[in-house]
Structure formats: structure tokens, C-alpha cells
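An overview of the molecular structure
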Amino acid sequence: MRKKEMIAMLLAGGQGSRLGVLTAKVAKPAVAFGGKYRIIDFPLSNCINSGIDTVGVLTQYQPLRLNTHIGIGIPWDLDRNFGGVSILPPYEKSGSSEWYTGTANAIYQNLDYMETFNPDYVLILSGDHIYKMDYEVMLDYHKENHADVTIAAMPVPMEEASRFGIVVAEEDGKISEFQEKPEQPKSNLASMGIYIFSWQVLKDALIALREVHGCDFGKHIIPYCHGRGSRLFAYEYNGYWKDVGTLGSYWEANMELIDIIPEFNLYEEFWKIYTNSGTLPPQYISANSVIEKSIISNGCEAYGEVHNCVVGAGVTIGQDAVVRDSIIMQDVKIGDGCVIDKAIIAENSEIGKGCTIGIGKEIPNKLKPSVYSFGLVTIGENSKIPDGVQIGKNTAISGVTEKYDYPNGILESGETLIKAGERL
Amino acid sequence: MRAVGLILAGGNSYKMRELTRKRAVAAMPMAGSYRAIDFTLSNMSNSHIQKVAVLTQYNARSLNEHLNSSKWWDFGRKHGGLFVFTPTITADNGNWYRGTADAIYQNLEFLRKCHEPYVVIASGDAVYKMDYNKILEYHIAKKADITVGYKELDSHTEASRFGTIKMNESMRIEEFEEKPMVANSSVVSTGIYVIRRRLLIDLIEHCAEEDRHDFVTDILIRYKNLKKIFGYKIKDYWSNISAVDAYYQTNMDFLKPEVRNYFFKELPAIYSKVSDLPPAKYNPGAVVKNSIIASGSIINGTVENSILFKKTFVGNNCVIKNSIILNDVYLGDNTYVENCIVESRDTIRANTRHVGENGVKVVVEKNERYAL
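Residues numbered from 1 in each chain as written. Chains lettered and ligands numbered in written order. Predicted model: local features only at pLDDT ≥ 70, side-chain atom pairs only at ≥ 80, totals over all residues. Heavy atoms only, no water.

Cis geometry marks the peptide bond from B:L267 to B:P268, where omega comes out at -5 degrees. Following the sequence through the fold, B:P268 ends up in the loop between α9 (257-265) and β14 (280-282). With a phi angle near 50 degrees, A:D325 is a residue other than glycine that sits in the positive phi range. Within the secondary structure, A:D325 sits in the loop between β21 (322-324) and β22 (327-328). One non-glycine residue, B:D276, lies in the positive phi region at around 50 degrees. (Helix = DSSP H or I, 4+ residues; strand = E, 2+ residues; numbered from the N terminus.)

The next point concerns the packing of aromatic side chains. Residue and element names in this part refer to chain B. Going through the model one piece at a time under the given rule, you end up with 28 aromatic pairs over all chains. Ring geometry for F39 against F263: centres 5.5 Å apart, planes inclined by 90 degrees, an arrangement best described as edge-to-face. With F39 in helix α1 (residues 36-46) and F263 in helix α9, this pair connects stretches of sequence that are 224 residues apart. Side by side, F39 and F263 carry an identical accessibility label, which is buried. Arranged with centres 4.8 Å apart and planes meeting at 5 degrees, the rings of F313 and Y330 form a pair that is stacked. Remark: Y330 occurs in strand β23 (residues 330-331) and F313 occurs in strand β20 (residues 313-314); sequence separation between them is 17 residues. (Phe/Tyr/Trp six-rings, centres within 6.5 Å; stacked < 30°, edge-to-face > 60°. Buried < 20%, exposed > 50% of the residue type's maximum accessible area, 1.4 Å probe, protein only.)

Residues and elements named next belong to chain A. Pairing is parallel across the open sheet formed by seven strands, whose spatial order is β15-β18-β21-β24-β27-β30-β32. Since the sheet does not close on itself, it has two edges, and those belong to β15 (290-292) and β32 (410-411), each with one partner. Of the strand pairs in this sheet, strand β24 (residues 339-341) and strand β27 (residues 356-359) are connected by two bridges, and their pairing is parallel. Among the inter-strand pairings, I340 is bridged to a residue of β27, identified as I357. (Pairing = 2+ DSSP bridges.)

As C-alpha cells, this is what we get:
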């Protein structure tokens, strides 16, 4: 029987609701990052760079963008005769049919898929982190320890430890205790949501806990394995790893890419990050533009000023426009004379001429203060902003907006403007 | 499409000077992110020609590398696809391709086995967009034996690089001169031909019997009074790059908004091999004016009226003016480059100066590069 030593299961079904309007239409793993990439490119590229050529991608929330992005896996060299990338949505069964109710439940529902490859080990990944990691080294560690489960963990500041799943490990890495978001953390090693399971251990646990609603790795599977006396090990990782779950951390992680020598370096020959970008022409920078401390993707046309920005493919920046500290995603058009500060503008949006975006005082967002904060202006995909309006901080806009949506031509700080309906 | 495509990409040109040391003209990098042959290949693909053969000979490694997968042009199909034919020694032939007609002759088996009634022949060294369906329709409407795509150049002087033609009022070609010393016409053949496949096979076989090897002199010129050869006007942008000045100028044309729009924004698109490079990075100190920058580049200095191909590194205080920097070039700090074409994979030492005084200078430098 043909087999794969290790296959990866990539959880990409989450909404990522803390990214607000950015994930209104797409799953979080499909959100653009670093100009031309999408978040899922990072774990997918890690897989192929680690020699894993069989990846199941579990989708559920708004999968269209994700599906078209992954296709048959050509950009990651994951188009294979045996293995390769497979998209695994929930499906109807003769008995009970249900959505994926939790991370482990999603994996359980795909036992047959994993069985096809007769694996020795299964790597569980989530599609919402930015990092480079050699999973093969982690597997070697797993084998050396004769482990049943290996959990990748990284040190975090002690005061933040209570936000994470914390592993308490002995000198040799063996995990003695597991704490889910503890008030009194006993260690600062946070689980990164990356697990290697020996196949039989995973299979047994999934079957044993199949009736648990919302079965989750952190909450159920790991404690279950621990309780049965399985050998759990912590694999300490000290490289760059960024959770981009909030708008603030998403913005920050993008901005880190424009440092002179970024900690997370996309320009290294070794460990390339692959993405599905199609062929795109080079970018054009006009005689009057000023581009400084920014990264700009293929196919852009810049006629204005760009400072400290991450700009996606095919963006047009109009004459005399000034864009600072912002993330501009694919195919956005920024009108002439706009002044934009600290904004995240999602794909295919159009900003009219002479708009001023990101001005005024920082007032907490009235609708979702915990989501739209950090002083950012967040504009969802396919939005339209009319000419000459002013937009304050901690605001969110989505949809085709008209002049009359802006009283006195202003959207005050802290406001949210979400227009229903489709763009014609 | 009822035609099979043949791309003649075997050629070298001494007019390209040092630039063809490394590669065939068809493999020359173009417009920041492309190679010359991408234009013809994309045109074939966009015209729904599903079976394309590329005939290569001169220094084909770089070209073969570029064509190592046919999927980028959507030729990775079960039927048809992209074929690359280099000369091979067979039981009855031990020659290189001795000319364009001979190149086709040596691959005549391929043409014989095709079922498409027509053949579109094109070269790999021109930058243009074209729907070959249009020229085929014209060919059929004119009941032509051969149709030749032609372009009216702005002046006679450049025409002597090409075959010049003269047509009567019904567009039938009456005069055809190959690379004349003094051109008396600014109407030139673009090397784009449409011909019935059976007829092509017959003509090529005849040629071979008479030990003739060139498609232009031995078929087009020789048969022009016997066969009905018509001209088809190419109205849109068309530029042949196989001379250093023409190559430089064609690249620089992309700084014009109308040329950029035509090739980069208007559909159908031009495809190329995807190279997985990160976005271009502008560090503090970067000053970029009226330039085309390709992905993977890192810029710390000044770039004006220039084209930077993929993965260019521009050091601190560099000044690059009116120049073309080909793929993967490293420019050390304080270098000054003006009016040059810098060959790909070059490493330019810090504090050096390269200026093309009388015309464009081709810079080929192989210095040690230290890892970043």
C-alpha cells in the first residue's frame, strides 16, 4: 500500500471575526498579507519547504476565495499524482450531517481522507499565522522522543501568558501539565496550535471523543491524550511567529515587513514563500511620485506619495495622493489628491478624489470597540468612497457608499458605515 | 483555432552585441518581468492556437529553462501543447538547422502529423499583441497562398534590418528584398506568416530537394510571382528587438503610458513564467522617478527613467539613469550608471561608474558577490 510518512491537515475554516470587515466575505486564511500574499501561503509554503507534499485544507467559512487561490496547488508545487493539496469542506453523510463543530471535529470528519495515505504522522496546522518553520525538524524531535504528540510552543511574556494555551514542560521537553488560558500560568511556553500526532494516537483520540460537540484540540484532544498517559512533548520554537488575529496585530505584522532588514525576511533565497499571483507586469513609478520605506507589488502604478506602506498588486495611487502607514490590498484605486493615514483598504476598493482618511481624535468605535481600534480606518473589499469625504479614526466602512452617507461630508471617528447589498 | 503555431526562435544576432553571449534573442528579458518570446507565445495562446512548436538552436539553454513548463501560457493540455525542437542527429541528417526553411524541414514529421489545415509562423523576437485569427480570416478571404504580416516603420534607415516589401493596390506582394543595403521602402515583413499546412510541406520539401534552406529568400522571394503572397497590415504596436538600440528603445517604450496600458492593462494579457518573488522594497534613501520596477528588487538609491528587472539590488547613494538593469543584478554603494544596459546576474562593484557616451553601453561585469 502506498503511503506518506507525514501528511498535514490545515485548518482554514475560521472566520476570524476580530478582523471585522476584512473577513466579511472571506475566511481569515484568505486575507491578503505582505502585499502579494495571503495568510495561508505561509503554512502552505512551510509544508512544501519541509518536504510535506500532502496537505488537506479544511474549509468552511466563505471558502470561495480560498478555493480559487489554492486551485490544484500549482504555485506551491502541490499538484501531485499521489497526495498534493486537497480542499476538504464539510459534506453530507448518510447518518448525521453536520458542519465542522470544532477543530478536532473537522479532522475527525476527514478520517477517511487521512486513511488513504496510510500516514505514520499527522501534522495539524492552522491557517492564520505568519511564520517560517521546518516541520521536518519538528518531526525529527518527535521521533527522537518517541513522542505520541508534539506541540510546538514558543515563549511569550509572562504577563501575556494567560491569553494562550500554556504548556508546562520538564527539562527534557516532556509536558507535565497543560493549562488553557490560565489565570495563574505556571510557565510562559504558549502553544502555537501546531501539533504532530502519531497517527494511531490521533485516530484513537478522535474516535473516542467523536460525540463531543465542538471537539477541539486544545480543549479536548490534548487533555484526553495527556490524561491517558500519552507521551506529550513541547517543541520550543524561537523564530518569528505572529498571530494576525486582530486588526492591530495584522497591521503591525505588515508594517514589520518594511523595516530595513525585517525580522521576517521575504527576500531570503532559502525558504521562499509561494503564492498564486498569476503573471503580473512590473510596477511603474511616475516622475512625480515619492516612494519611501514601503513594499510595493507587481502591476502597481504610483503617481503620488507612499510612505511606510504595504501595497498589493495592481494598485493605482493617484496624482498628489499621500498615503502613509497603510495597508493597501490588490487592485485598489486611490483617487488623486487623497491623504490617507493608517488605513487598511481591502481588495478592489475605490477611493474617490480628494478624500482625507484617518484624521481627528481617537474615539473608540461605537459598534465594536474591541475590533475597530488601534486608531485604524478599515475599509472592506469592493467598497467605494465618494470624492472629497473625510473619515475619522477607529472607523469601518464596507460597501458602496454615497455622498449622503457622510453627514457634512464627514464620517466621525468611532463610526461604522456598512452598506448592505451588492456592488453593481 | 484551425492552425498550428511555429515559432522560429533559433536565431542569434550580432547586432545584439554582448547580450547574446548568454542566450538566444527570443530569451531576452523584456519590459521588467517578461522574456521576448512571451509575447508571441501569449498571442498564440490568446488566439486559441493549441499546438505550438518552438524551434531553437543558438544558445538555447536560457530559452529552454524559460520554457521548462508549458503551464504558464496555458499550453499544459492533454491535446496539443508546447513542443520545443532543437536540431537532432538522425539516420538521414547530421546537420544543424542551416536556415529557417531547413529548421522546418527537419521537423516536417511534426507538421505532417498535425490535422490543423493552417500554420501560423512567427518569430520569437518581437514585442506585439496580435489575434492570429484575424490574419487567418484575411488569408482565407484573399484566397492567398501565403500571407505576410507587415509593418510600416517610421523611417527607411531601420528597415534594412528587415525584409522590405512592396505591394500592389490589392495588397499582393510584388517586391520583396531581404535586408537590403539601402532600403527603398519602410514597409517591412514582421516574420509573421500564415500558410496552408499542405502547401508549406510541399514548398519546404521542394526547397530541401534543391538544397535551399532559407524561408525568406528561397520561398517568399523565389515564389513571389508564382504564388499569391499577400500583405496583412499590423496597425498596433509592433517592435522587433534584435539590435541593441532597438532593444533599448522597445524597453523604454514601456515608460509611455499608452504602451504600458496596451500591454499591461488591456486584455488579453501577456503571460510569463511565474518567479515567486516578493514585492519590490523601497528603503529610506530610495528616490524613484519615471521608472519600471520588477518584483524582488530592493532599492536604496536613485533610479530615474530606467527599467529595473527582477531582483535588482540598488545600493546606497547609487544613481541609475536612462538605463536597463536586467535580472538579478547587484549594484554596490555609490555606483553611477547612465545610458547602459547591465547584463543579468552582474555584480557591479561599489564606487564604479558606467556611462554610455555615444549610445547605449552594454555592461557585462562578473565580480564576486558577497551574500547579503
